[in-house]
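The lines below spell out each chain.
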Amino acid sequence: MSILPKKNALGFYEIRLESIGGLGANLAGKMLAEAGVLGSGLNGSNFSSYGSEKKGSPVKSFVRFCDPDVEIRDHSPVEEPDVIGVFHEHLYKMIDVVSGLKSDGIVLVNSTRQADEIRADLKIETGTLGVVDALGIAVEEKTKVNTAMLGALFRVCDFLDPEVMRNVIRKTFGKKYPHLVDANIRTFDRGFDEVQFTSYCAPTEGESRRFTIQTTTTGYENQAIGGVMPAANSVLKDLSGSRQGFLPEYRAEKCIHCASCDNVCPDFCFVWQSGEDKRGRKQMFLQGIDYQYCKGCLKCVEACPVEALVSLRETIGYAKQHRVEHNFSLKEGEVLRS
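Remember, it's a predicted structure, so these values are computed and weren't measured experimentally.

Trainee: I'd like a rundown of unusual backbone geometry, residues and numbers included.
Mentor: Not every positive phi belongs to a glycine, and Ala-259 is a case in point at roughly 70°. Within the fold, Ala-259 resides in the loop between strand E8 (246-250) and helix H7 (260-264). Of note in the backbone geometry, Leu-298 takes a positive phi value of approximately 65° without being a glycine. Take Leu-298: it is sitting in the loop between strand E10 (282-289) and helix H8 (299-303). We classify Leu-298 as buried; its relative accessible area is 17%.

Trainee: Tell me about the pairing of strand E1 (residues 13-20), and name the residues and values.
Mentor: Of all eight residues in E1, eight are buried; the element is thus mostly enclosed. Here E1 shows no split at all, with Tyr-13, Ile-15, Leu-17 and Ser-19 on one side and Glu-14, Arg-16, Glu-18 and Ile-20 on the other all buried. Two strands pair when backbone bridges link them, and E1 and strand E3 (residues 58-66) are joined in this way by eight bridges, in the antiparallel orientation. Bridged to Ile-20 within E3 is Pro-58. In this sheet, strand E4 (residues 83-86) lies alongside E1 in parallel orientation, the contact comprising four bridges. Among the inter-strand pairings, Ile-15 is bridged to a residue of E4, identified as Val-83.

Cut-offs used in this document
- Residues numbered from 1 in each chain as written.
- Predicted model: local features only at pLDDT ≥ 70, side-chain atom pairs only at ≥ 80, totals over all residues.
- Heavy atoms only, no water.
- Helix = DSSP H or I, 4+ residues; strand = E, 2+ residues; numbered from the N terminus.
- Buried < 20%, exposed > 50% of the residue type's maximum accessible area, 1.4 Å probe, protein only.
- Pairing = 2+ DSSP bridges.

Below, the structure is given as C-alpha cells:
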C-alpha cells in the first residue's frame, strides 16, 4: 500500500534544494533523506552537486523518496521536482531556481518579503509558494538556515514525522556539538510553525515549467580578439547571489580612509577617488561600496579599525539604493580602464 501522497511515473516523490555553499543545504538533504528512510520506512536517496569553490557558489541537493516496495535505480539530478527549497532568494539572479517545477509543485523560499513579490521574481504561475524567514530564525537562535528550512519542508512533507527529524538533529549534532542540539530543535520547530503558504490556481490544469540547463552564449570560438573577455570576466557578473544574508554598511563620517578594508577585500568592492587632504597632499578617499561585487564575506568589517564598516542584515533593494559604482568602461574588444 502506498504511503506517499503523490508520485511521478517512476514512483518517486522528488525534492530539490537550491542554495549556496555555507547555508547547509548539503547537510539538510542528508538529514531529510535519513528521516524518511530510517524514521518513516521509505526507500530514499540523496546526493548534492556543487563546484570546486563550494562556499558562496550555487549548490543543489537532491532527495528522492519512494514506497518500500519500489527500488531506486535513478541517481540522476532531480529535473521535475514536487518540492523546491530555495535557501537564498537572490539565487534567481544567477540561475533558474524553479526550473522544471510541476504545475502543482511547491516552492519554499527563505525571505522576509510578501509572497506576491517573490512570485513575480520567480515567474511562478501556478502551485503553492511557502515563505519563511529562515535567516532571521537562525540569527535569533544562533544556528544555521538549514534547520529552519527543514522545519518548513516538514510542513510540506506531511507523510514524514517531525519527531523523527528531531531525533536526527540530536544524532547529527549530539556527538560533536551537543551545545547546539536544543537550539537547532528550536530552529526546526520555528520553521515548522512560522512558514506561510499561498496557493495560486490556474483556470485549468497548468503546464509544468520546462527544465533548462544554464549555458553560455560565448566561448573560445566567438570571443573578441584581444582586450577583455566578457564571458569570463567578473566585471560583468553580479555576485549578490553569493551573500549569505549580510553585507557591510559604510559609515562615511567615521572613515579615516586607511584602506584596511580594501587590503582584505577579495572582490574589488571598494570605490576610491583621488583628492587632497587638509594640507594639500594627494590622497585616495573612499567613496563607498560597489555591492555588485560584494559576496558578503565581511572581512572588511573585521579589518576596519574605526567601525566605519558594520555588518547589516540585507534587505531587498538596500544594495541597489546604496551602491557606489566603479567608474570604468568595458566594451567588447577593449581593455579595462579605470
